[in-house]
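Structure at a glance
Chain by chain, the residues run as shown.
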Amino acid sequence: MKKVIFVILGLDFSGAENVLIQYLDGNSEIDPYFVFIYEGNAAQHFSERFGASKVFQLKICYIKNELRFLPKVTQYRLKHALMTVIEQLRPDAFYFNNTHEVILSRKIVRELKVPCIGHVHDMQASIGTVCKRYEAKRAFDELDVVLTVSEACKKSWNCNRMKVVYNGVSDDYFTTDKLIKKNDPIVVGYVGMISKRKGFDILVKVIESMGDNKMENCVQPYRR
């Protein structure tokens, strides 16, 4: 088994963390360890699932404006805190689990002699400052492999090195007995922010293309 350190932001348990857990579920090739940059509720989920011995919390002080405008400073703080874990575990590879983790990876990646992988889950436009976008693009050049979740995300970053790996369901889910018949009602479930970067605009276009006769029983979006 390969010992892999997964570097996770840690402020919250989001979609990227859920995708990671699904990927590792039943995986017999990876011996995973999880390093959380900031203190938050994400570490608890991983401790319960994989055991406390697999989880390391760096508890770096979260300074929002530093991360927004001076990400290089945070990169150095992460590098300093992470070295102790590296010396203890001696991993075979590193995996930076989401876009902000990739942004913060640059300084430590330069020190490592093992493969380093970054996974980008965010469109470039959703990264709010020029400083963070610049550091992300520089990190793409430093990492051995850069993954992303869609062709649209890859195009937004204009990064040919990115490899698209979709967060989808297995092929056997789509069986003939689950196909929608002509007159069956269509129910769409949507979880996420109602914004263009989350694909809500595509859903609206699909509904509109169905015509007025298909819209009469539609339920309006509910916002909690």
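**Regarding the pattern of salt bridges**
All chains considered together, the criterion is met by eight salt bridges. For R106, the salt bridge is made with E135, and the minimal N-O distance between the two is 2.7 Å. Residue R106 is located in helix α6 (residues 106-109), and its partner E135 is located in helix α7 (residues 130-142); the two are separated by 29 residues in the primary sequence. Residue R106 is classed as buried on the basis of its relative accessible area of 2%. Residue classification places E135 among the buried residues on the basis of a relative accessible area of 3%. Two residues, R106 and E142, come together in a salt bridge whose shortest N-O distance is 3.9 Å. With a gap of 36 residues between them, R106 in helix α6 and E142 in helix α7 connect regions that are remote in the sequence. A cluster of three or more residues bridged by salt bridges with shared partners is formed by R106, R110, E135 and E142.

**Brief notes about helix α1 (residues 15-24)**
Regarding α1, the residues found buried are A16, E17, L20, I21 and L24. Relative to the axis of α1, the buried residues are bounded by an arc of 140° and lie together on one face. Those residues of α1 that are buried lie in contact with β1 (2-8), β2 (30-36), α2 (42-50) and α5 (99-103). Taken from the residues just after α1, G26 is the one with a positive phi, measuring 80°.

**Considerations on the pairing of strand β4 (residues 93-96)**
Where burial is concerned, the two faces of β4 agree: the one with A93 and Y95 and the one with F94 and F96 are both buried. By the bridge criterion, three bridges tie β4 to strand β5 (residues 116-120) in an arrangement that is parallel. Opposite Y95, over in β5, you have I117 as the bridge partner.

**Structural notes on the pairing of β2**
β2 sits mainly inside the fold: seven of its seven residues count as buried. Of the two faces of β2, both are covered, the one formed by I30, P32, F34 and F36 as well as the one formed by D31, Y33 and V35. Bridging between β1 and β2 involves seven bridges; their strand directions are parallel. Considered in β2, the bridge of F6 is made with F34. With α1 bridging β1 and its parallel neighbour β2, the resulting β-α-β unit is right-handed.

Thresholds, definitions, all that
- Residues numbered from 1 in each chain as written.
- Predicted model: local features only at pLDDT ≥ 70, side-chain atom pairs only at ≥ 80, totals over all residues.
- Heavy atoms only, no water.
- Salt bridge = Lys/Arg side-chain N within 4 Å of Asp/Glu carboxyl O.
- Helix = DSSP H or I, 4+ residues; strand = E, 2+ residues; numbered from the N terminus.
- Buried < 20%, exposed > 50% of the residue type's maximum accessible area, 1.4 Å probe, protein only.
- Arc of directions from axis to C-beta.
- Contact = heavy atoms within 4.5 Å.
- Pairing = 2+ DSSP bridges.
- Right-handed = clockwise from strand over helix to strand, strands pointing away.

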